[in-house]
Every structure is written in C-alpha cells, then in structure tokens.
Amino acid sequence: MDGTLYVIPITPEIVRVIFVEGIGVKPHKTYWKQKADTAFKWVAKESKSLIEIQTEKLILRIEKKNGAIQYFDADRKLLVSENATEPRLLNNGECYTFFDWDKSEKLKSKGILATDLTDLTNKARYISFGGRQQRLPLVVSNKGYGIAAASSRTALFCNIKMYGQYIYADGDTQSDYYFIGAGSVGHTLELYGTL
C-alpha cells in the first residue's frame, strides 16, 4: 500500500532489493550494478500469501502482506529475515531496512582495505566510508551472506535489540541493497567486488 518493491536477480548469488514510495514509481539509478550482465535461470512462484523467487544458489520468500523477505540458501536453510512486523521505513530521506539477526550470528563490516573487517556484533556504528561516493557499504555474516547497502551517503548499522536491528541510509529516497548469498565471507567479498 505504501510503495513498490523491486527484487532483481543480478547473479545466482546476488539479488538487488529496492523499495520506493508510490505505486509504479521507478527506482533511481545508483553507481553500482543495475541488472544482470548475462542471462541466467531463475524462477518466480506465487501463492495466496507468498511470492518465492529461486535461483541456483538462493531462495527468497516475500510476504505479500508487508513485503518482508526471508533469505534461504539452495538447501532451504534460513540465512536471515527482514523484520516481519516492519521490514522497511522511508521517512523524509531516512531509509531503514529492519532485519532479524540471530543472537549467535557474527557480523562484520567491510573496511577500506580489501581484507579489513570490523566487528559489529551487538553494536551500532557507521559502515559508510565518510561520505565518499562509489564505495558500497557492506555487512558480512559468518552464516555465509552479505548485505551491501546501495547508499552513496551516510550508512549506519545497528544490531542492538533495544534500539532495533537495521541498516540506515541517510538522504536517500529509496531503500536499496544487494543481498549476496555466497556461502562464505571470502566468496562474499569476491562477489562484492563485482558490484
């Protein structure tokens, strides 16, 4: 009712998720990969309450009622879910995407150097690169996936339950991120480099 959700398979391991306010509103372009470079097989199925998108490496289940997405690997093991109560919020240039990260999950953010990772477990901190354009903020999990926030401005990560579990982008008019289901942190960093 509030907007349009776009789910764009980029590779079998990478899916871009965009939410814009309004019905039929087109997302604006970013610095990063907009669509797949080469064609590959993916399938979409629909039931009364769900849409399921499946590639060779990922399965996404999207609730029709609120647009919340659950991400599974090819073996149907749950990797992470957006918050089912409120998956995302756009409010005058403030974009929040809410997640349900597991307590035991180890989360890290990408630093400036190729192998530089900063611990995010039970923390809130900036994951952007000081407002430098064309640097894609990335969060990686020991569960074998990554979330790259397509934000050219300030991006903040919070994994403190009392305040909420979210990725926040300042000054954007759309919620926009890439989900990378690579299977390992190393492979996630490799695929991140292709965006």
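All of the points below concern the structure found in this document. (Residues numbered from 1 in each chain as written. Predicted model: local features only at pLDDT ≥ 70, side-chain atom pairs only at ≥ 80, totals over all residues. Heavy atoms only, no water.)

Sheet topology note: the strand S5 (residues 58–63)/strand S6 (residues 69–73) ladder contains five bridges and is antiparallel. Bridge pairing in S6 places isoleucine 59 opposite phenylalanine 72. Where S5 hands over to S6, the hairpin turn is made up of five residues, of which glycine 67 adopts a positive phi near 80 degrees. Taking the residues that link successive antiparallel strands as the turn, the S6-strand S7 (residues 78–81) hairpin has four residues, and the phi of arginine 76 there is positive, at about 65 degrees. (Pairing = 2+ DSSP bridges. Helix = DSSP H or I, 4+ residues; strand = E, 2+ residues; numbered from the N terminus.)

Here we come to the side chain of glutamate 105. Structurally, glutamate 105 can be placed in the loop between strand S9 (94–98) and strand S10 (107–110). Buried glutamate 105, no salt bridge; nearest opposite-charge side chain is lysine 143, N-O distance 4.3 Å. Engagement of the side chain of glutamate 105 in a polar contact is seen with the side chain of serine 141, the distance being 2.6 Å. Once residues lying within four places of it in the same chain are set aside, the contact partners of glutamate 105 are Leu79, Thr121, Ser141, Asn142, Lys143 and Tyr145. (Buried < 20%, exposed > 50% of the residue type's maximum accessible area, 1.4 Å probe, protein only. Lys, Arg positive; Asp, Glu negative; His and termini not counted. Salt bridge = Lys/Arg side-chain N within 4 Å of Asp/Glu carboxyl O. Polar contact = N/O pair within 3.5 Å; in protein donor to acceptor, adjacent residues only side chain to side chain. Contact = heavy atoms within 4.5 Å.)

Even without being glycine, arginine 76 reaches a positive phi, approximately 65 degrees. One non-glycine residue, asparagine 122, lies in positive phi territory at about 55 degrees. When you line up the elements, asparagine 122 lands in the loop between strand S11 (117–119) and strand S12 (124–126). For asparagine 122, a relative accessible area of 56% corresponds to the exposed category.

This next bit is on empty space enclosed by the protein. Under the criterion given, the structure shown has one cavity of 30 Å³ or more. Computed from the structure, the largest cavity encloses a volume of approximately 100 Å³. Looking at the largest cavity, it is lined by 16 residues, and the ones nearest its centre are Thr97, Ala149, Ala169, Ser175 and Asp176. Listing elements by their share of the lining of the largest cavity, those giving two or more residues are S9, strand S14 (146–149), strand S16 (164–170) and strand S17 (174–180). Among the residues making up the lining of the largest cavity, the classes are represented as 10 nonpolar, four polar and two charged. (1 Å grid on protein atoms, 1.4 Å probe; cavity = no way out; pocket = protein on both sides within 12 Å on 5 of 7 lines; lining within 4 Å. Points joined across faces, edges and corners; volume = space filled by probe spheres on them. Nonpolar A, V, L, I, M, F, W, Y, C, P; charged D, E, K, R; others polar.)

With that out of the way, let us pick up the layout of surface pockets. Approximately 160 Å³ is the volume attributed to the second largest pocket. Residue lining of the second largest pocket: Glu13, Lys57, Leu58, Asp73, Ala74, Leu79, Lys143, Gly144, Gly181, Ala182, Gly183 and His187, and that is the complete set.

With that settled, consider the packing of aromatic side chains. Two aromatic rings, taken as a pair, are described by how far apart their centres are and by the angle between their planes. Counting across every chain of the model gives nine aromatic pairs. Taking the centre distance of 3.8 Å and the plane angle of 10 degrees together, the rings of tyrosine 71 and phenylalanine 179 count as stacked. Of the two residues, tyrosine 71 sits in strand S6 while phenylalanine 179 sits in strand S17, which places them 108 residues apart along the sequence. In this structure tyrosine 71 comes out as buried when scored by relative accessible area, which is 0%. On the accessibility criterion, phenylalanine 179 (0% relative accessible area) is buried. Ring centres of tyrosine 96 and tyrosine 166 lie 5.2 Å apart, and the angle between their planes is 75 degrees; this geometry places the pair in the edge-to-face category. One end of the pair, tyrosine 96, is in strand S9; the other, tyrosine 166, is in strand S16, and 70 residues separate them in sequence. Overall, tyrosine 166 belongs to the buried group, its relative accessible area being 13%. Three or more aromatic residues joined by ring pairs form one cluster here, namely Tyr96, Phe98, Tyr166 and Tyr168. (Phe/Tyr/Trp six-rings, centres within 6.5 Å; stacked < 30°, edge-to-face > 60°.)

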